[in-house]
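Geometric and topological summary
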Amino acid sequence: MDQEDIIATLKPSLGRRWFGALSLGGLGLVLILAVFYNPPEIFALRIIMPLIGALFIWQAQWNLRVTSSALYLTRQGLFDDAGNQICALYNMREVDRGVFAFKPSNGFLVRLAEPEPKGWAPGLYWRLGKRLGIGGATNPAQNKAMAEAIEMLIMERVLGPELA
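Description of the structure in this document. Throughout this description, residue numbers start from 1 for each chain and increase along the sequence as written. Note on the predicted model: pLDDT of at least 70 is required for a residue's local features to be given, and 80 or more for side-chain atom pairs to be given and counted; whole-chain, interface and lining totals, by contrast, use all residues. Side-chain measures were taken over the full set of non-hydrogen atoms in the model, leaving aside hydrogen atoms and water.

Overview of a nonpolar patch on the surface
Every patch collects residues that have over 30% relative accessible area and no salt bridge, joining them within 9 Å if they carry like charges and within 5 Å if they are nonpolar side chains (Val, Leu, Ile, Met, Phe, Trp, Tyr). Where accessible areas are quoted, they stem from the Shrake-Rupley method and a 1.4 Å probe; at the residue level, only the protein chains shown are allowed to cover. Any Lys or Arg side-chain nitrogen found within 4 Å of a carboxyl oxygen on Asp or Glu counts as a salt bridge. Taken together, the side chains of Ile42, Phe43, Leu45, Ile47, Ile48, Leu51 and Ile52 make up a nonpolar region of the molecular surface, amounting to roughly 660 Å² of accessible area. Elements are defined by DSSP. Helices are runs of H or I of four residues or more, strands are runs of E of two residues or more, and each kind is numbered from the N terminus. Looking at the element boundaries, Phe43 is found in helix H2 (residues 43-66). Classification of Phe43 as exposed rests on a relative accessible area of 55%. Each residue is assigned to one of three classes by its accessible area relative to the maximum for its type, calculated with a 1.4 Å probe on protein chains only: buried under 20%, partly exposed between the two thresholds, exposed over 50%.

Some details on the packing of aromatic side chains
Only centres within 6.5 Å qualify two rings of Phe, Tyr or Trp (six-membered ring in Trp) as a pair; their planes then separate them into stacked at under 30 degrees, edge-to-face at over 60, and tilted for everything else. All told, the structure shown has three aromatic pairs when counted by the stated rule. Ring geometry for Phe102 against Trp126: centres 5.6 Å apart, planes inclined by 50 degrees, an arrangement best described as tilted. Here Trp126 lies in strand E7 (residues 125-134) and Phe102 lies in the loop between strand E5 (92-96) and strand E6 (108-121), a separation of 24 residues in the sequence. Residue classification places Phe102 among the exposed residues on the basis of a relative accessible area of 65%. Each member of the aromatic cluster is reached from another via a ring pair, and the members are Trp58, Trp62 and Trp120.

Comments concerning the sheet that holds strand E4 (residues 85-88)
If you walk across this open sheet you meet the four strands as E1-E2-E3-E4, and the pairing is antiparallel. Looking along the sheet, the strands with just one partner apiece sit at the ends: strand E1 (8-10) and E4. Across the sheet, the mean angle from the axis of one strand to that of its neighbour is 15 degrees, orientation sign disregarded. Contacting E1, strand E2 (71-73) and strand E3 (77-80), helix H3 (residues 140-159) crosses the sheet at an angle of about 140 degrees to E1. By this definition, two strands are paired if DSSP reports at least two bridges between them. Fitting a line to C-alpha atoms yields each axis, with helices limited to the stretch in contact; the angle taken between N-to-C directions then spans 0 to 180 degrees. Note on contacts: a residue pair is in contact if any heavy atoms of the two residues lie within 4.5 Å.

Observations regarding the pattern of salt bridges
Here the structure, examined in full by the defined rule, presents five salt bridges. A salt bridge links Arg111 to Asp96, with the shortest nitrogen-to-oxygen separation between them at 2.8 Å. Pair noted here: Arg111 is in strand E6 and Asp96 is in strand E5, with a separation of 15 residues, a long-range link. When sorted by exposure, Arg111 lands in the same class as Asp96, which is buried.

Here is the structure:
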């Protein structure tokens, strides 16, 4: 992917990345420490709580790794740092930035023409069926710019370059 092909870039902010990771890691630590300092009477909880705590800590480090990448919009579609295609432009039908849209925090929703395989990068995007949610740990201004760029590309594809 060449730099001149990139129309819009979406990078997670460092503060949001760390806040999310520290929140998850802190919750995991609290669950583990709670078992040692105040063991529950139910024996199953003594096993389940540390496992769930470890899962939260694992999720925190995974979130930090995943959100270190960025999303790039080109005329072909949406891609990540590694060049993996998140969604092709021809499959994008409309962008929903409404207040009541089921979308990530400060993000937007892209409705797709055909279902895509499930995918998730916490803080960057989630993909489920005919919906693609973009945003979360990303900069709201970059989210707005990318949403507008996707809307323009969809309009250009539907109406033709001379009418858009």
